[in-house]
There are 2 protein chains.
Amino acid sequence: MNRYAIIVAGGSGTRMGAEIPKQFLSLGNAPILMHTIKRFSGFSDKIHIIVVLPAEQIDRWKQLCSKYQFNIPHLIVPGGKTRFESVHNGLKSIQDNDKAVVAIHDGVRPFISKQLLMNAYTSAEQLGNAVVSVPLKDSIRKIEKGKNTAVDRSMHRIMQTPQAFLLSMITKAFSVEESPLFTDDAAVAEAAGAKINLIDGSYENIKITTPEDLALAEAILKKFEF
Amino acid sequence: MNRYAIIVAGGSGTRMGAEIPKQFLSLGNAPILMHTIKRFSGFSDKIHIIVVLPAEQIDRWKQLCSKYQFNIPHLIVPGGKTRFESVHNGLKSIQDNDKAVVAIHDGVRPFISKQLLMNAYTSAEQLGNAVVSVPLKDSIRKIEKGKNTAVDRSMHRIMQTPQAFLLSMITKAFSVEESPLFTDDAAVAEAAGAKINLIDGSYENIKITTPEDLALAEAILKKFEF
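Read on for an overview of the structure. As the structure is a computational prediction, the values presented were derived from the model and not from experiment.

## Section: the environment of Ile208 of chain A
Here is step 1: Here Ile208 of chain A shows up in the loop between β11 (198-200) and α7 (211-223).
Here is step 2: Expressed as a C-alpha distance, the spacing of Ile208 of chain A and Lys22 of chain A, which sit 186 residues apart in the sequence, is 7.7 Å.

Okay, structure coming up:
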């Protein structure tokens, strides 16, 4: 089955308080986004990698690829106004009539192991989808009609990426109007009728969105197995 | 109204992969637990500070206090087998017939601002309790009867500490048998009939439980206002 990766790097950098979009910030010796792409190609050089970037950042990305002699082949697709639109643009860029599976992944989530990618792709191929998640470490409460109540955290999981799906299924799922409840791709698939299959992620699989996350990422990088 | 703080430092250090219990690990120039205690005394020197420690760590803590010339007065109470028992021991150590409020706080959560402590104590005095929480950044799913479904994350909040309560109320609430649903003190108070009042925490108010958290904490320390 053909395998694709849609790596969504839509951040403008404002939450980071930096001029540089967060996916271009340096982690170790390269921009974060390069680390993320390397994980996929390091797992398998047969994966078709699609990187979704804001249109105005594409030239800069190409300059960075030259500067760092980054030679992993990938397709660049311009993003949309929201994450939903960006993923949708990535999906629309794929023309494949065979059975294929696509893993949708955050560009600023560079610590995905080969084992995790193997599990995501093969589970999605067998079961239709595979969504990476971890248990909740903190207590949570639910707010409804002005009241809040404790909820059983053992019955809840936090979603990460990659979230992998059969291409035909997820493409159809994204052909709807965006809803505020679509906070991840699994929610879009579920709205289209999919039964979501959760697989185990890792607490190291962080999403880098603040300057403090970047410090944490440097610490994880030191121990992360390539 | 008299103000108390119960700072729970029950960790054995196993999750850290360190010999040293995590509350004694060095952050900046002092053990984490000293930073946490300093936040309370820095906010107000009138707060009665109770530190709950595993019995076998008390001598070591006293040695650390000597070594670091740590001169903030506090009471030391031996912990129990679980966090619930440790908090309960802390509560039982208080004898106060006046109206009093107690903030229960994690010993390994050193980044609490004066403003947050002010808000927690005054809100608890006015409303009976105040529990610090932040919005969920990630998508979550609920698992029930072998099925999982998306839940609206905007309707959920993650709990942090401090969690402040009227002393009489929370003491009574802890006089029950422990339940697996008591993942925080708010859940104990709620089980006793309290309506929980949520106040805003901060993403910097992290709980240090892994070596990577410690790296993140060093980064936050650099920008944290004393």
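## Structural notes on the relation of the copies chain A and chain B
Here is step 1: For these two chains of identical sequence, chain A goes onto chain B by a turn of 180 degrees and a shift of 0.0 Å along the axis, with RMSD 0.0 Å. What the rotation and shift describe, once combined, is the action of a two-fold rotation axis. Taking C-alpha positions as the reference, the residue of chain A nearest the rotation axis is Leu216 of chain A, at 2.4 Å.
Here is step 2: A shared interface surface links the copies, since 97% of the contact residues of chain A are contact residues in chain B too.

## Description of the interface of chain A and chain B
Here is step 1: With 38 residues of chain A in contact, the opposing surface of chain B contributes 38 residues.
Here is step 2: Roughly 3400 Å² is buried in total at the junction of chain A and chain B, and carbon and sulfur atoms are behind 58% of that figure.
Here is step 3: Contact with chain B buries area across many residues of chain A, yet Arg141, Met155 and Glu212 of chain A alone supply 20% of it, more than any other trio.
Here is step 4: For the pair chain A and chain B, the number of links is two salt bridges.

## Notes on unusual backbone geometry
Residues and elements named next belong to chain A.
Here is step 1: Cis peptide bonds are those with omega within 30 degrees of zero, and the linkage from Thr161 to Pro162 qualifies with 10 degrees.
Here is step 2: Following the sequence through the fold, Pro162 ends up in strand β10 (residues 156-166).
Here is step 3: Of note, Gln69 is a non-glycine position whose phi angle comes to about 45 degrees, a positive value.
Here is step 4: Examined against the element boundaries, Gln69 turns out to sit in the loop between α2 (58-67) and β5 (75-78).
Here is step 5: Taking relative accessible area as the criterion, Gln69 reaches 68% and is therefore assigned exposed.

Rules behind the numbers
Residues numbered from 1 in each chain as written. Chains lettered and ligands numbered in written order. Predicted model: local features only at pLDDT ≥ 70, side-chain atom pairs only at ≥ 80, totals over all residues. Heavy atoms only, no water. Helix = DSSP H or I, 4+ residues; strand = E, 2+ residues; numbered from the N terminus. Least-squares fit on C-alpha atoms with pLDDT ≥ 70 in both. Contact = heavy atoms within 4.5 Å. Buried area = accessible area lost by both parts, 1.4 Å probe. Salt bridge = Lys/Arg side-chain N within 4 Å of Asp/Glu carboxyl O. Buried < 20%, exposed > 50% of the residue type's maximum accessible area, 1.4 Å probe, protein only.

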